[in-house]
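# Survey of secondary and tertiary structure
What follows is the residue order along each chain.
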Amino acid sequence: MPCTVIVGAQWGDEGKGKIVDTLAERADVVARYQGGNNAGHTLVLGEETYKLRLVPSGVLWPGTLCVLGNGCVIDPEVLMEELDGLEERGVDLSGVRISGNAHLIMPWHRIIDADSELMLGRLQIGTTRRGIGPAYADKASRVGIRVQDLLDEKILRQKIQTALSVKNVLLRKIYHQRPLDKDVLTEATLRYAERIRPFIADTSLLVNQALDAGQVVLCEGAQATLLDLDHGTYPFVTSSNPIAAGACVGLGFGPTRVDAVLGVAKAYVTRVGAGGFPSEADEADSTRIREHGGEYGTVTGRERRCGWLDVVALRYAARLNGLTQLALTKLDVLSIFESIPVCTAYRLPDGSVTEDFPWHQSDFHHAQPVYERLEGWSTDISAVRDAGQLPRAARDYLAFIEERVGVEVAIVGIGQRRDQIITLRDVLEAA
Ligand code: IMP
């Protein structure tokens with residue numbers, strides 16, 4: 001499929017990076033369409049572990065065009081560190097391209113993000129405090145600074161000065177912080193600009209040219225469906241649109257160009273940050289999943305909340321994204337359980353039971369999970385490479401998901417390493 005969108009189907013951390021990395025071997029372009037360094041992708045190649053924050057996961061395949069689209073927000077300091085770090089390890093960066101229309105995360109965004117959270121107290125969202133929300137807010141308010149502004153020192157100086165004339169008042173009066181020094185900040189930004197300049201391009205043109213030439217383009221979503229600004233569990237969401245439709249806006253091509261949408265879901269569910277989570281496991285099971293699955297944030301190191309697979313939410317993700325296939329990751333983690341609950345419906349406060357994701361936040365907040373219990377397989381499956389070798393109970397688990405969600409499972413992840421994957425159907429060839 002020339003144009004495939006790869007999207008998180010839960011609350012993030014589904015292992016999208018690994019799936020993109022696997023498919024990227026046969027892709028010409030890997031393009032990120034939203035988010036910033038709130039995302040974190042861990043890729044394990046032999047003895048080497050790479051933790052990516054901004055650069056698309058395709059970067060480890062030499063010759064792949066790796067795009068950061070206009071829908072992304074970019075902290076230039078973080079990007080520079082990431083580029084330097086990858087280069088030091090011998091990674092070829094010649095394919096990296098950054099949209100001139102992407103917005104920059106500036107130091108005031110980080111401060112405002114962190115301090116707004118503190119001010120919210122118990123009501124805080126649990127953001128990554130990387131300045132994501134405030135940067136997107138400035139974009140929407142049309143006062144943001146863009147990547148293309150790094151190309152012109154005079155414009156950059158002007159924009160920083162204009163922004164600071166407002167932000168410093170906010171910092172002092174609302175957040176009780178010291179104002180930021182214009183000259184120090186401008187000089188630092190100019191240093192980042194120097195490093196980033198060669199990578200800046202008209203990425204919409206590049207992606208469309210690749211599509212015109214029939215090349216394989218993977219659109220890599222960050223965060224996930226339930227963190228979508230419009231369709232997720234607002235306000236406990238991120239400030240962009242991770243759903244598949246976001247790829248069109250965030251990369252600059254029309255909806256008719258998308259051929260397939262691969263949803264990536266864990267075989268269970270995790271969530272970081274605050275917000276409802278109907279299928280959250282009890283303390284003991286949550287700890288077992290966390291320990292066995294290594295469920296700690298790549299970016300913040302925070303403990304992830306863990307729970308059972310939620311078919312209601314997954315069907316919602318299938319609907320919002322128009323999923324054509326599913327990749328189910330970390331199936332091996334469930335090998336420790338003798339039986340596995342799967343949430344197949346929610347009981348709402350009025351006593352009714354629904355299989356549809358509630359549109360009203362109060363219903364969702366108070367939803368009680370209705371579980372069906374499936375048999376576990378209690379065997380190590382991390383060395384299996386062929387679906388036929390999976391224990392019957394594991395195959396039944398996959399079949400149950402396919403039937404209830406109405407989407408076929410194409411890929412199953414059974415460990416961190418690049419080769420720990422079972423391919424049931426060829427995603428890039430699928431009709
Ligand atoms: P922000 O994106 O930093 O504004 O955080 C908003 C919400 O999205 C918080 O609940 C974060 O924990 C969550 N979030 C942001 N990025 C990720 C991610 O990559 N994985 C999981 N959760 C994320």
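Quick summary incoming for the structure in this document. (Residues numbered from 1 in each chain as written. Predicted model: local features only at pLDDT ≥ 70, side-chain atom pairs only at ≥ 80, totals over all residues. Heavy atoms only, no water.)

## Side note on the site of the ligand
- The local shell around the ligand holds 16 residues, among which Asp13, Asn38, Thr128, Thr238 and Arg302 are the closest.
- Between Val272 and the ligand, the recorded distance is 3.2 Å, taken from a backbone N or O atom to an oxygen atom.
- A breakdown of the residues in the shell around the ligand according to their chemical character gives seven nonpolar, seven polar and two charged.
- Of the residues that make up the shell around the ligand, three or more belong to each of domain 1 (3–93 + 202–423) and domain 2 (103–199). (Near = heavy atom within 4 Å. Polar contact = N/O pair within 3.5 Å; in protein donor to acceptor, adjacent residues only side chain to side chain. Nonpolar A, V, L, I, M, F, W, Y, C, P; charged D, E, K, R; others polar. Domains from an automatic or database assignment.)

## Describing helix H12 (residues 392–405)
- Between its first and last C-alpha atoms H12 spans 20 Å; for 14 residues at 1.5 Å apiece the expected length is 20 Å, and the two agree.
- Listed as buried for H12 are Ala393, Ala394, Tyr397, Leu398, Phe400, Ile401 and Val405. Projected down its long axis, H12 carries its buried residues within an arc of 155 degrees, all on one side.
- On its buried face, H12 is in contact with helix H10 (311–321), strand E14 (325–329), strand E15 (339–347), strand E17 (368–375) and strand E18 (409–413). (Helix = DSSP H or I, 4+ residues; strand = E, 2+ residues; numbered from the N terminus. Expected span 1.5 Å × (residues − 1). Buried < 20%, exposed > 50% of the residue type's maximum accessible area, 1.4 Å probe, protein only. Arc of directions from axis to C-beta. Contact = heavy atoms within 4.5 Å.)

## Brief notes about the pattern of salt bridges
- The tally for this structure, following the rule as stated, stands at 31 salt bridges.
- With a closest N to O distance of 3.3 Å, Arg304 and Asp13 form a salt bridge. You can see Arg304 sitting in the loop between helix H9 (283–293) and strand E13 (305–307) and its partner Asp13 sitting in the loop between strand E1 (3–8) and helix H1 (16–24), a full 291 residues away along the chain.
- You can call Arg304 buried: its relative accessible area is 5%.
- Ionic pairing is found between Glu372 and Arg404, a salt bridge with its closest N-O pair at 2.9 Å. Taken as a pair, Glu372 in strand E17 and Arg404 in helix H12 lie far apart in primary sequence, 32 residues in all.
- Assessed through its relative accessible area of 30%, Glu372 is described here as partly exposed.
- For Arg404, a relative accessible area of 28% puts it in the partly exposed group. (Salt bridge = Lys/Arg side-chain N within 4 Å of Asp/Glu carboxyl O.)

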